[in-house]
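Residue-level structure breakdown
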Amino acid sequence: MKVLSLLLLCSGILVILLPTAFNQWSSGLRYSGGNETLIKYLLTISTSMVFLVGVPTTTMGIIFPYLYKLAEANRSQPGKLLGILSSWNTLGAVLGSLAAGFFLLEWLGLWNSIHALGFAYLSMALVLYWRHADRLSTAWAALPLSAVLLGAALIQTTHLPVVRLQESRGGETLLEVWEGSAGTVAVVEREGVRRVKLNNWYALGGSGAVEMERMQTQLPMHLHPKAKSVFYLGLGSGITAGAAMNYPEERVVIAELVPEVITASGRYFVEHTNGLFNDERVSVVHEDGRNFLRATREQFDLVIGDLFVPWKSGVGYLYTKEHFSAAKARLRTGGLFAQWIPLYQLSERELLIIAKTMAEVFPQTTLWRGDYYPEKPMLALVGHTDSLPLALETPIVQASQLALNAYRAGRSETVPLLAHYLGRLTQDDPMLSASLLSTDDRPWIEYLAPQAHRAEKAGQITWLVGEEYLNLMTQLKRRWAKFEGSYLSGVPSPLRRTVTAGYYFHRSQIARAVQNQTEFEASLAEGRRLLLAQQDVQQPSL
């Protein structure tokens, strides 16, 4: 019994110390890895797991085989005893996983759940002491009680953070935090700007980029002639879906995987969501969006995929052919699937893989810039259920014409929405010929995006921003004369020039970011010239 008591004692103490050890090891929940390459990053994480998790789990893991060893003493019915031990072990494994995943994390939180597990082991050591005190020396028998008191003291004197708050630029304030089986969701605020953070790292949107998040609804809504129903993959802050309340939709469905994100959005972003959570047209479901699309039989005019972190585990399956096919199957005739891409988290390799995969599913895929940011741009890949050209009655054409008229009259500096257009891709496009096809059995984004993430951190590659993004836009622009006629054939030439103007406006912002004043002024002037021209003008070659 001495060895068993010692194993229980060590297991309990090591588990109780684990939260404090992890906090110290990570320097207060800092992101591990720094600027390391993928191999060095994996070694860093593996080393952490060996010391922080491997030691206590190994100690706990010895207990069950040691019980088998003790069972050898019962020579009369060893099979029955071993069967009972195995049954209890199996039952404990099932109930433990269910309790941890569905109850403990939500009731106690991560750190307290680990502490509770540690106390459970110490309690078993204490029970063993009371049952066998007569066979143990006084000094040995006092160890379990001392360990329980030590564990209590450790918890009382330890205040562990659940979320790391940034200290730069005045620091962040934690407004509220939730812990559950899906992870830790926190709402933080800095200088009046709120944002949602998942698992202490993944940003799910916030009030600091309201117009950018609303654009994720506005652009696809203007591309559809008359959208009446829309489905959103992901809620985030709710600002994107809230923009749909400005349109005459009859049905809005939002699927969000993490229930605490729904709570955070409804509680802290009400002023930006336009009554989203109180509108009878809206259904917010706690469900995996990918599985929801595969299971539902409801049809939509628009399916909009949020900005996902490509290198987050599991996200790569949102860029597969099977997922895009499921989205297409849920679209009505003339429907659109818009997948927003964070170019500041992808290289050109991953973007072309996603584009090729979409082109395999949809008759045509169009590319649209979401903004003119030089450093953190977003891009929309829009899959069309037909290969028809852009019609004059489409809202984006009409709104762009009004914006162009206002710009020429000096009443507004707003660039027409059609200027966000970048190009068109089809299945046989030579630009995609060398790219891989992402499928459920070969989810290349799931494999390559984490690799690219570490390579960018180590300075081996750059994201598709700045000059890299400009090179892609230039490549697309050179193709317009050959590949774009079918899609823009119905658009008047003044509006077609806004597309080229958008290229120069974006080029000017990239030049401004690198302090190239000459290029900034020249590109800005060219963009304005193209918008103000009253008749066809010669466009400069690249």
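Residues numbered from 1 in each chain as written. Predicted model: local features only at pLDDT ≥ 70, side-chain atom pairs only at ≥ 80, totals over all residues. Heavy atoms only, no water.

A count of helices and strands for the protein chain gives 18 helices and 12 strands. Projected onto the principal axes, the alpha-carbon positions of the protein chain cover approximately 105 × 50 × 45 Å. When burial is assessed residue by residue, the protein chain has 48% of its 542 residues classed as buried. For the protein chain, the proportion of contacts with a sequence separation of at least 24, taken over those separated by at least 6, is 72%. When the accessible surface of the protein chain is summed, it comes to about 25700 Å², and 57% of that surface belongs to carbon and sulfur atoms. Positive and negative charge centroids in the protein chain, built from 48 and 46 side chains respectively, lie 3 Å apart. (Helix = DSSP H or I, 4+ residues; strand = E, 2+ residues; numbered from the N terminus. Buried < 20%, exposed > 50% of the residue type's maximum accessible area, 1.4 Å probe, protein only. Contact = heavy atoms within 4.5 Å. Areas by Shrake-Rupley, 256 points an atom, 1.4 Å probe, with all protein chains shown as cover. Lys, Arg positive; Asp, Glu negative; His and termini not counted. Charge placed at Lys NZ, Arg CZ, Asp CG, Glu CD.)

A few words now on the packing of helix H17 (residues 493-513) against helix H18 (residues 517-532). Taken N-terminus to C-terminus, the directions of H17 and H18 make an angle of 165 degrees; their axes are 8 Å apart at the nearest point. What the angle tells us is that H17 and H18 run roughly antiparallel. Considering only the axes of H17 and H18, their crossing is left-handed. Contacts from Arg497, Thr498, Thr500, Ala501, Tyr504, Phe505, Arg507, Ser508, Gln509, Ala511 and Arg512 in H17 reach Glu519, Phe520, Ser523, Leu524, Glu526, Gly527, Arg528, Leu530 and Leu531 in H18. Residues belonging to the contact of H17 with H18 are distributed by class as follows: eight nonpolar, six polar and six charged. (Axes fitted to C-alpha atoms, helices over the stretch in contact; angles between N-to-C directions. Parallel < 35°, antiparallel > 145°, perpendicular 65-115°, else oblique. Left-handed = near helix turned anticlockwise from the far one by under 90°. Nonpolar A, V, L, I, M, F, W, Y, C, P; charged D, E, K, R; others polar.)

Between helix H1 (residues 2-25) and helix H2 (residues 38-71), whose axes approach to 10 Å, the crossing angle comes to 165 degrees. As judged from the angle between their axes, H1 and H2 are roughly antiparallel. Crossing handedness for the pair H1 and H2: left-handed. Here the contact of H1 with H2 is composed, by residue class, of 21 nonpolar, four polar and no charged.

All right, on to the sheet that holds strand S9 (residues 331-342) then. Strand pairing in a sheet relies on backbone hydrogen bonds. The paired strands run either parallel or antiparallel. Across the sheet, eight strands lie side by side as S7-S6-S5-S8-S9-S11-S10-S12; this open sheet has mixed pairing. Of all the strands in the sheet, just strand S7 (282-286) and strand S12 (421-425) have a single pairing partner and so form its edges. Each strand axis lies, on average, 15 degrees off the axis of its neighbour in the sheet, ignoring direction. Across six bridges, the pairing between strand S10 (residues 364-369) and strand S11 (residues 378-384) is antiparallel. Bridging from a neighbouring strand, Gln364 pairs with His384 of S11. On top of the sheet, helix H11 (residues 321-329) reaches strand S5 (229-233), strand S8 (300-305) and S9; it is set at about 140 degrees to S9, its chief contact. Docked against the sheet, helix H12 (residues 348-361) engages S9, S10, S11 and S12, running at close to 15 degrees with respect to S11. (Pairing = 2+ DSSP bridges.)

Its place among the elements puts Thr240 in helix H8 (residues 239-242). Here Thr240 falls in the buried class, since its relative accessible area comes to 6%. There is a polar contact of 2.8 Å between the side chain of Thr240 and the backbone oxygen of Glu213. (Polar contact = N/O pair within 3.5 Å; in protein donor to acceptor, adjacent residues only side chain to side chain.)

What follows concerns a nonpolar patch on the surface. A cluster of nonpolar side chains, namely Ile84, Trp88, Leu91, Val94, Leu95, Leu98, Phe102, Phe103, Trp107 and Leu108, defines an oily patch on the protein surface of about 1100 Å² accessible area. By secondary structure assignment, the location of Ile84 is in helix H3 (residues 78-107). On the basis of relative accessibility, which here comes to 38%, the residue Ile84 falls in the partly exposed class. (Patch = residues over 30% accessible without salt bridge, like charges linked within 9 Å, V, L, I, M, F, W, Y side chains within 5 Å. Salt bridge = Lys/Arg side-chain N within 4 Å of Asp/Glu carboxyl O.)

This part covers unusual backbone geometry. Even without being a glycine, Glu191 presents a positive backbone phi close to 55 degrees. Considering the arrangement of structural elements, one finds Glu191 in the loop between strand S2 (183-190) and strand S3 (193-198). Note on Glu191: relative accessible area 67%, which makes it exposed. Residues other than glycine seldom take positive phi values, yet Asn200 does so here, at roughly 70 degrees.

Quick look at the sheet that holds S2 now. If you trace the four strands from one edge of the open sheet to the other, you get S1-S2-S3-S4, paired in antiparallel fashion. Edge positions in the sheet fall to strand S1 (173-180) and strand S4 (202-206), since each of these pairs with one other strand and no more. Put simply, the sheet's adjacent strands are angled 20 degrees from each other on average, direction ignored. Across six bridges, S2 lies against S3 in antiparallel orientation. Its bridge partner lying in S3, Val188 is registered against Arg195. Here helix H9 (residues 259-268) sits on the sheet in contact with S1, S2, S3 and S4, set at roughly 150 degrees to S1.

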